[in-house]
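Spelled out, the chains give:
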Amino acid sequence: HNVGRAITMVVVDADDTSVDVLGILGALAVRSGFDWVSYKNVEFIYASTIQSTCHTPLDLVFLLDASGSIDSTYYGGSPGTFKERMLPFVEKVASFFEIGENKTRVAVATFASGAKVAFHLKDHFDRETLNEAIADVDYTKGGTYTSLGLRAVRTSILTEENGMRPDGEGVPRVLVVVTDGQAHSAFNPTAEAALLRDDNINVFAIGVGTSVDEDELNAIASKPSTKHVYQLHSFLQIADIVDLMSSTSCQAPSIISMGGGVTTGVDPCETLFFKPNCFLAPIEIELTSAEGAAIIFVSFSTTRPSPFDFEYADTSKDEVKKIVIDDVSAGVPPTIAIQSSSSDPSAFSLRVWSNIFDSGAADVRVSVKEDAAVGTRVFNTPSATITAAANNIADLQLEFSLEGTGGRGHFAVNKDTGAITTTTALDW
């Protein structure tokens, strides 16, 4: 988000080294209206502004607590809170994004003693009808059956049939959950939230009031909780986090499955962010430019890699750029930033995978005699470089499968060992 709206400030040839000139510059940057000023390095200050509109397309979903306590003074609520505070919050956050079929799509669902989808991602591609639909969301009242709401989002909203864009397009998926209380014990959200995160959804949890359970919010949200969980004393404060929630949602990365990839494009002066859904070192990141030119920055320490802040980068003019990361010390997936280095839009494909085999063994070609007997072993898995100990995890289980159609019906793979054998005669 910082391209074109960020600066790095340094001091050159300061006459009086006893004066913290850099600190003075930082204070001036704050007074000047910069939204973010970072002075964590004695050599420079980094400052940036938050954009007024998010140009990054998202599939953005709101799941709202519509239980009886929201509007009930008996449970700490206030009459009219759902319609007068919660729904305007949704509208204001949505107003930060460009709405359209090829831009940001928005959906809303509620939960109480059941779950209800107010509208899907495919339903409103213009701001006027979207705002009308948000204002018309029903306040249903009832209990706090949080898991049912999460399930409705997963099975009904976040589907390609109802407007979610395919994995390969690289559109970030964001779910914002707002609740004022702890879930009914029979409808604990932990399992359903885990399924959503497994489906590569960025989940934010907003808890309002004194009845929320912090552990439950942490169980709902993506990690780290410090960036995905918000707690407010009352709904009177919910308007105060509109800018923060809007910008944070805009910056959410597209989560891609390890071993998979995306094919998409990036406009000039734009940055797209991606994050693998897991991390098993060594990993390989491959960026292939189809049109224009794109460059890549990778970081474990920041969620916004850029030319100013990265651990790995490839800014060459090569059509295919590859970064190999052997370091397992981070223990968490890196964030990948793709920038256009062209004056025209750039089309690219991005692939991320763990190279589990010894160097040079990942690309193997096997020749098999066509008179080989059924059951002949034609491939043995090379020794793996990935181990549980190397990645600081308790257990590591690999499951093998055959992809593609070339050998379908003629070969089988042992899912535990990776050994491939013939299943039919090959001289057909």
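Residues numbered from 1 in each chain as written. Predicted model: local features only at pLDDT ≥ 70, side-chain atom pairs only at ≥ 80, totals over all residues. Heavy atoms only, no water.

1. Points about the overall build of the protein chain
- Helices and strands together make up the secondary structure of the protein chain, namely eight helices and 21 strands.
- A separation threshold of at least 6 residues defines the contact pool for the protein chain, and within that pool the share at least 24 residues apart is 71%.
- A total accessible area of about 21300 Å² is found for the protein chain, and carbon and sulfur atoms account for 49% of it. (Helix = DSSP H or I, 4+ residues; strand = E, 2+ residues; numbered from the N terminus. Contact = heavy atoms within 4.5 Å. Areas by Shrake-Rupley, 256 points an atom, 1.4 Å probe, with all protein chains shown as cover.)

2. Some remarks on the nonpolar core
- Grouped together as the largest cluster of nonpolar side chains are 40 residues, with contacts concentrated most on F62, L64, F82, F89, F97, V178 and I206.
- Listed by contribution, the elements that provide at least two residues to this core are strand 4 (59-65), helix 2 (81-94), strand 5 (105-111), helix 3 (127-135), strand 7 (173-179), strand 8 (202-208), strand 9 (229-232) and helix 8 (242-250).
- Counting residues per element, this core draws most heavily on helix 2, at seven residues.
- Beyond its immediate sequence surroundings of up to four residues, F89 is in contact with V178, I206, I238, I241, V242 and M245. (Core = buried A, V, L, I, M, F, W, Y, C linked by side-chain atoms within 4.5 Å. Buried < 20%, exposed > 50% of the residue type's maximum accessible area, 1.4 Å probe, protein only.)

3. Considering the sheet that holds strand 10 (residues 254-256)
- Within the open sheet, the five strands sit side by side as 10-12-17-14-15. Their pairing is mixed. The sheet is open, and its two borders are formed by strand 10 and strand 15 (312-314), each paired with just one other strand. On average, each strand axis in the sheet is inclined to that of its neighbour by 25°, with strand direction left out of account.
- Bridging between strand 14 (residues 294-299) and strand 15 involves three bridges; their strand directions are antiparallel. Directly across from V298, in strand 15, lies its bridge partner Y312. (Pairing = 2+ DSSP bridges. Axes fitted to C-alpha atoms, helices over the stretch in contact; angles between N-to-C directions.)

4. Describing the pattern of salt bridges
- Within this structure, the stated rule accounts for nine salt bridges.
- The salt bridge partner of E286 is R351, with a shortest N-O separation of 3.3 Å. Linking E286 in strand 13 (residues 283-291) with R351 in strand 18 (residues 346-354), this pair joins segments that are 65 residues apart in sequence.
- Taken together, the shared-partner salt bridges connect E284, E286, K322 and R351 into one network. (Salt bridge = Lys/Arg side-chain N within 4 Å of Asp/Glu carboxyl O.)

5. Description of the environment of K141
- Here K141 is to be found in the loop between helix 3 and helix 4 (146-157).
- For the pair K141 and G114, spaced 27 residues apart in sequence, the C-alpha to C-alpha distance is 9.6 Å.
- Discounting chain neighbours no more than four positions away, the residues touching K141 are A66, S67, G68, A112 and S113.

6. Quick look at the packing of helix 2 against helix 3
- Viewed as axis vectors pointing N to C, helix 2 and helix 3 meet at an angle of 155°, and their least axial separation amounts to 9 Å. Viewed along their axes, helix 2 and helix 3 adopt a mutual orientation that is roughly antiparallel. When the axes of helix 2 and helix 3 are compared, the crossing they make is right-handed. Contacts between helix 2 and helix 3 involve K83, L87, V90, E91 and A94 on the former and, on the latter, R127, L130, N131, I134 and A135. (Parallel < 35°, antiparallel > 145°, perpendicular 65-115°, else oblique. Left-handed = near helix turned anticlockwise from the far one by under 90°.)

7. Points about the state of the cysteines
- Taken as a whole and assessed by the stated rule, the structure comprises one disulfide.
- Note that C54 is cross-linked by a disulfide to C250, the S-S spacing being 2.1 Å. Every disulfide takes its handedness from the sign of the S-S torsion; for C54 and C250 that torsion is 85°, giving right-handed. Here C54, found in the loop between strand 3 (44-48) and strand 4, pairs with C250, found in helix 8; they are 196 residues apart in sequence, far enough to count as distant.
- Judged by relative accessible area, which is 1%, C54 ranks as buried. (Disulfide = S-S within 2.5 Å.)

8. Examining a negative patch on the surface
- Taken together, the side chains of D126, E128, E132 and D136 make up a negatively charged region of the molecular surface.
- For E132, the location among the structural elements is in helix 3. (Patch = residues over 30% accessible without salt bridge, like charges linked within 9 Å, V, L, I, M, F, W, Y side chains within 5 Å. Lys, Arg positive; Asp, Glu negative; His and termini not counted. Charge placed at Lys NZ, Arg CZ, Asp CG, Glu CD.)

9. A closer look at the sheet that holds strand 16 (residues 320-325)
- Taken together, four strands build an open sheet; the order of strands is 11-18-13-16 and the sheet is antiparallel. Every interior strand has two partners, whereas the edge strands, strand 11 (261-266) and strand 16, have only one. Recorded for the sheet is a direction-independent mean angle of 20° between the axes of neighbouring strands.

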